[in-house]
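An overview of the molecular structure
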Amino acid sequence: MKLIKLDAIDSTNDFLKSLASQDELDNFTVVTAENQTKGKGQMGSKWQSESGKNLIMSVLVKDFLYDNEQVFNLSIIVSLSVIDALKSLNIPDLCIKWPNDIMSYNKKIGGILIENTIKSDGRIVSVVGIGLNVNQINYEHLPLATSLKAICKKDFDKDALPFLIVEKIQDKIESWKNNSADFWKEYFNTLFKKGVPMPFKNLHPDSDGQNFMGMIQGVSSVGKIQILLEDDSISEFEIKEVQMLY
C-alpha cells in the first residue's frame, strides 16, 4: 500500500483524483491528512474535523467496477471494511446508516464518500474518502456525532487505521466474486434502524416535503433505500431524496 501523508489539504479526495488523472498510480494508493479545509460529505455536505485528531483518508480503487449499475457494490465493501476494522478495536454497537455513515449506538462516528470517474476505455476508477472521528471529543454543535475516544474513554492510534481498513477492503474485493451475496446480506443486517417504524422526511423535489412513517426494508441493487410505507407499498429513494428523523 502506497501512503502519501499530508499536513493540510483542501480535500484528500480532490488531491487523489488529481494525482490519479496525471499518473498511473498503484491500486490502493492512500492519501491521509492531519487537517482538511474543504471536507466533503454526500451530495456536497460539509465534513469538519479538529486538526490532528481524526482519520482523514482517501484510497484509490480501480479494476473492480466495470459497470455503472454496480457502483453500490463498492459502498458495501468499504462500509463493511470500516465496520470490521472497528470491531477489531472493540468499538461497540456498530451499524451502517444508509448509504454509508458509520454509527455507534445512535451517533455518527464516520462517513464515506465515493467518487467514480469513467475513463475513455470504459474503466471506472474510484476515489474512496473515509472520515472517522477518532480522538476528538468536542461535538458541541454536532449532537448526533461522537468519536472512538468519546465512546471508549481512551486514545486510539489513528495512523494504524488506514492500514487496517485498506487490508479489509483488499480482502473483500478479492473475495467479492464468490461472496457477493453474503456481503449484501451482511450489509442489510448491519443497516441502522432496519425494520423499525421511523419517521422520514421526503426531500424529493416533486414532493411536498411532508413527513411520513415507514420501515427500512433493504437496499436495491443500485443502492436505493427501500422503505415500507403505511399502505404496505414499498418506495425506493435515491441519496438525498429522503431523510431519516431519529
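See above for the structure.
Okay, so let's go over this structure. Just so you know, these numbers come straight off a predicted model, no measurement behind them.

Calculation criteria
- Residues numbered from 1 in each chain as written.
- Predicted model: local features only at pLDDT ≥ 70, side-chain atom pairs only at ≥ 80, totals over all residues.
- Heavy atoms only, no water.
- Helix = DSSP H or I, 4+ residues; strand = E, 2+ residues; numbered from the N terminus.
- Contact = heavy atoms within 4.5 Å.
- Salt bridge = Lys/Arg side-chain N within 4 Å of Asp/Glu carboxyl O.
- Buried < 20%, exposed > 50% of the residue type's maximum accessible area, 1.4 Å probe, protein only.

**Concerning the side chain of threonine 12**
Following the sequence through the fold, threonine 12 ends up in helix α1 (residues 12-22). Those residues in contact with threonine 12 that sit more than four places away from it in its chain are Val31, Thr32, Ala33, Gln36, Ile56, Met57 and Ser58.

**Examining the environment of valine 127**
Here valine 127 shows up in strand β7 (residues 124-132). Each C-alpha atom of the pair valine 127 and valine 61 lies 6.3 Å from the other, and the pair is 66 residues apart in sequence. In this structure, valine 127 is in contact with Asn13, Leu16, Lys17, Ser58, Val59, Leu60, Leu113, Ile114 and Glu115, ignoring residues within four places of it in sequence.

**Describing the environment of isoleucine 114**
Considering the arrangement of structural elements, one finds isoleucine 114 in strand β6 (residues 107-118). Between the alpha carbons of isoleucine 114 and isoleucine 130 there is a distance of 8.6 Å; along the sequence they are 16 residues apart. Discounting residues that sit within four places of it in the chain, isoleucine 114 has contacts with Leu74, Ser75, Val78, Ser126, Val127 and Val128.

**Structural notes on the pattern of salt bridges**
On inspection of all chains with the given rule, the structure shows eleven salt bridges. The closest approach of N and O atoms between lysine 17 and aspartate 14, which form a salt bridge, is 3.6 Å. Placement of both lysine 17 and aspartate 14 in helix α1 is noted, with a separation of three residues, approximately one turn of the helix. Accessibility expressed as a relative area gives 27% for lysine 17, which makes it partly exposed. Classification of aspartate 14 by relative accessible area gives partly exposed; the value is 31%. Salt-bridge contacts for aspartate 159 lead to lysine 158; the nearest nitrogen and oxygen are separated by 3.7 Å. Here aspartate 159 falls in the partly exposed class, since its relative accessible area comes to 40%.

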